[in-house]
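What follows is the residue order along each chain.
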Amino acid sequence: MADIEPYESALDSLPGAHPYPRTSRYHDAEIGVHRRADGTEVRYTKRRLLPPFDEETEPHTVGAGERPDLLGQRFLGDPGQWWRIADANPVLDPRELTDEPGRVIDIPLSGGFPRGERHV
């Protein structure tokens, strides 16, 4: 019986294959290859620089007990999309978005619910 290749090796044979799903903040990040002295290759995700943010946003006043993942679910329909809100503000630590009730943050409009259909 033939040996089964690990997941990472199988991806190498597919042109354009990427280890992150399309909805991930790292989907478009470049994958680097480091070669160790013994010839072993180690794959890694190169640093993701904050892209210029040109999406339309609307302001949101943070309430007590809100979290980035809850904002992602509420405004974008997916708790895993909290990073789009972080990119719109911009913050390095996503907890900065909600650590201060009363803070006004920007919520991106594209890719989520159209204006007027948000579950607020």
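Reading the values: rules and limits
Residues numbered from 1 in each chain as written. Predicted model: local features only at pLDDT ≥ 70, side-chain atom pairs only at ≥ 80, totals over all residues. Heavy atoms only, no water. Helix = DSSP H or I, 4+ residues; strand = E, 2+ residues; numbered from the N terminus. Contact = heavy atoms within 4.5 Å. Areas by Shrake-Rupley, 256 points an atom, 1.4 Å probe, with all protein chains shown as cover. Salt bridge = Lys/Arg side-chain N within 4 Å of Asp/Glu carboxyl O. Buried < 20%, exposed > 50% of the residue type's maximum accessible area, 1.4 Å probe, protein only. pLDDT = per-residue confidence, 0-100. Pairing = 2+ DSSP bridges. Arc of directions from axis to C-beta. Core = buried A, V, L, I, M, F, W, Y, C linked by side-chain atoms within 4.5 Å. Polar contact = N/O pair within 3.5 Å; in protein donor to acceptor, adjacent residues only side chain to side chain.

A look at the overall build of the protein chain
In terms of regular secondary structure, the protein chain is built from three helices and four strands. Each helix and strand of the protein chain, placed in order from N terminus to C terminus, yields the pattern α-β-β-β-α-α-β. The long-range share in the protein chain, meaning contacts at least 24 apart out of those at least 6 apart in sequence, stands at 53%. Approximately 8,500 Å² of the protein chain is accessible, and the part contributed by carbon and sulfur atoms is 52%.

Points about the pattern of salt bridges
This model, assessed by the stated rule, comprises five salt bridges. The partner of Arg43 in a salt bridge is Glu41, and the shortest N-O contact between them spans 3.9 Å. Its salt-bridge partner being Arg74, residue Glu66 comes within 2.8 Å of it at the nearest N-O pair. Salt bridges sharing common partners tie together Arg35, Glu41 and Arg43.

With respect to the side chain of Thr98
Considering the arrangement of structural elements, one finds Thr98 in the loop between helix 3 (82–88) and strand 4 (104–108). For Thr98, a relative accessible area of 11% puts it in the buried group. Discounting chain neighbours no more than four positions away, the residues touching Thr98 are Val62, Glu66, Arg67, Pro68 and Leu71.

A closer look at the environment of Ile107
Looking at the element boundaries, Ile107 is found in strand 4. Between the alpha carbons of Ile107 and Asn89 there is a distance of 8.2 Å; along the sequence they are 18 residues apart.

Some points on the confidence of the model for the protein chain
Put simply, the protein chain has an average pLDDT of 76, and 61% of its residues get 70 or more. In the predicted structure, residues 112–120 sits below a pLDDT of 50 and forms 20 contacts with residues beyond four places in sequence or in another chain.

Here's the deal with the pairing of strand 1 (residues 31–35)
In terms of strand pairing, strand 1 meets strand 2 (residues 41–45) through five bridges, oriented antiparallel. Bridge assignment links His34 to a residue of strand 2, and that residue is Val42. The turn linking strand 1 back onto strand 2 is made up of five residues, and Gly39 within it adopts a positive phi angle of 95°.

Things to note about helix 2 (residues 68–76)
All buried positions along helix 2 are accounted for by Pro68, Leu71, Gly72, Phe75 and Leu76. Here the buried residues of helix 2 occupy an arc of 105° about the axis, which is enough to place them on one side. Contacts made by the buried residues of helix 2 are with strand 3 (57–61), helix 3 and strand 4. Positioned one or two residues after helix 2, Gly77 has a phi angle of 80°, which is positive.

Comments concerning the nonpolar core
In terms of nonpolar packing, the biggest core is built from 10 residues, these being Val62, Leu71, Phe75, Leu76, Ile85, Ala86, Val91, Leu97, Ile105 and Ile107. Here the element with the most residues in this core is helix 2; it accounts for three residues.

Here we look at the side chain of His60
Residue placement: His60 occurs in strand 3. His60 gets classed as buried once you look at its relative accessible area, which sits at 10%. A distance of 3.0 Å separates polar atoms of two side chains, one belonging to His60 and the other to Glu66.

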